[in-house]
Amino acid sequence: MPDEATRKALAVAHCERINAGDVEGLLALYSPAVRFEDPVGAGPRVGHGALRSHIGGALAAGVHDACGEPVAAPDGRHAAVPVTSTMNFLPNGPLMVRHGILTAPEEPEKARMEFTCMLVIEVGESGLIEEMRAYWGRSDVRFLE
């Protein structure tokens, strides 16, 4: 099983690859059969295709992730990192409005959002991320001035 340092590094690498706009590099961190939920409760999605689509939407919104200090569980499989993400309201914000997470801003094309979340990964024996969960809710999203 991957050691604690490796699992922590994978959690941070997720954020670094997003910031670099490196979709292929991000997918290389994940098992082809990855299961992920962002946010937890939105329903699981499976596979590189679903992850590519999800990350592509975030990149289209100009996402930037700032991560804190990662931690690893003693189970030999899990790690977590606090993340603050900023992105434009468009193109994904209207979906959050429809789900009651946000109220539509007056100027959607100029609005930028900030999310605080906890990113939790589970790493398999292969050293790849097999599962990712992002924990955030309504109170964790706000518009930036």
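Residues numbered from 1 in each chain as written. Predicted model: local features only at pLDDT ≥ 70, side-chain atom pairs only at ≥ 80, totals over all residues. Heavy atoms only, no water.

Draft legend 1. Looking closely at the overall build of the protein. Helix and strand content of the protein: four helices and eight strands. Its helices and strands taken in sequence order, the protein reads α-α-β-β-α-β-β-β-α-β-β-β from the N to the C terminus. Computed over C-alpha atoms, the radius of gyration of the protein comes to 15 Å, within 12% of the 15 Å expected from 2.2 N^0.38 for 145 residues, which places it in the range of a compact globule. Counting only C-alpha atoms, the protein reaches 50 × 30 × 25 Å along its principal axes. By residue count, 41% of the 145 residues in the protein fall in the buried class. Relative to all contacts within the protein whose residues are 6 or more apart in sequence, the contacts with residues 24 or more apart total 61%. Here the protein has roughly 7,400 Å² of accessible surface; of this, 54% comes from carbon and sulfur atoms. When the 13 basic and 20 acidic side-chain charges of the protein are each reduced to a single mean position, those positions are 4 Å apart. (Helix = DSSP H or I, 4+ residues; strand = E, 2+ residues; numbered from the N terminus. Rg over C-alpha atoms; globule rule 2.2 N^0.38 Å. Buried < 20%, exposed > 50% of the residue type's maximum accessible area, 1.4 Å probe, protein only. Contact = heavy atoms within 4.5 Å. Areas by Shrake-Rupley, 256 points an atom, 1.4 Å probe, with all protein chains shown as cover. Lys, Arg positive; Asp, Glu negative; His and termini not counted. Charge placed at Lys NZ, Arg CZ, Asp CG, Glu CD.)

Draft legend 2. Broad picture of the layout of surface pockets. Volume-wise, the largest pocket comes out at about 740 Å³. When residues of the lining of the largest pocket are traced back to their parent elements, those giving at least two are α1 (4-19), α3 (48-60), β5 (78-88), α4 (93-98), β6 (112-123) and β7 (129-135). With five residues, α3 is the single largest residue contributor to the lining of the largest pocket. In the lining of the largest pocket, the residues fall into 17 nonpolar, seven polar and four charged. (1 Å grid on protein atoms, 1.4 Å probe; cavity = no way out; pocket = protein on both sides within 12 Å on 5 of 7 lines; lining within 4 Å. Points joined across faces, edges and corners; volume = space filled by probe spheres on them. Nonpolar A, V, L, I, M, F, W, Y, C, P; charged D, E, K, R; others polar.)

Draft legend 3. Structural view of unusual backbone geometry. Residues Asp-38 and Pro-39 are joined by a peptide bond in cis, for which omega reads 0 degrees. Following Leu-90, the chain continues into Pro-91 via a peptide bond in cis, with omega recorded as 15 degrees.

Draft legend 4. A look at the side chain of Glu-122. Assignment of secondary structure puts Glu-122 in strand β6. There is a polar contact of 2.7 Å between the side chain of Glu-122 and the side chain of Arg-77. Filtering out sequence-adjacent residues up to four positions away, Glu-122 remains in contact with Arg-77, His-78, Leu-128, Ile-129, Glu-130 and Glu-131. (Polar contact = N/O pair within 3.5 Å; in protein donor to acceptor, adjacent residues only side chain to side chain.)

Draft legend 5. Spatial organisation of the packing of aromatic side chains. Inspection of every chain in the model, using the stated rule, returns two aromatic pairs. Summarising the aromatic geometry, the rings of Phe-89 and Phe-143 are spaced 5.9 Å apart at their centres and angled 50 degrees between planes, so their arrangement reads as tilted. In this pair, Phe-89 is assigned in the loop between β5 and α4 and Phe-143 in strand β8 (residues 141-143), connecting sequence segments 54 residues apart. Given a relative accessible area of 3%, Phe-89 falls into the buried group. Residue classification places Phe-143 among the partly exposed residues on the basis of a relative accessible area of 25%. Centroid distance Phe-115 to Trp-136: 4.9 Å. Interplanar angle 80 degrees. Geometry classified as edge-to-face. Remark: Trp-136 occurs in the loop between β7 and β8 and Phe-115 occurs in strand β6; sequence separation between them is 21 residues. Judged on exposure class, the residue Phe-115 and its partner Trp-136 are both buried. (Phe/Tyr/Trp six-rings, centres within 6.5 Å; stacked < 30°, edge-to-face > 60°.)

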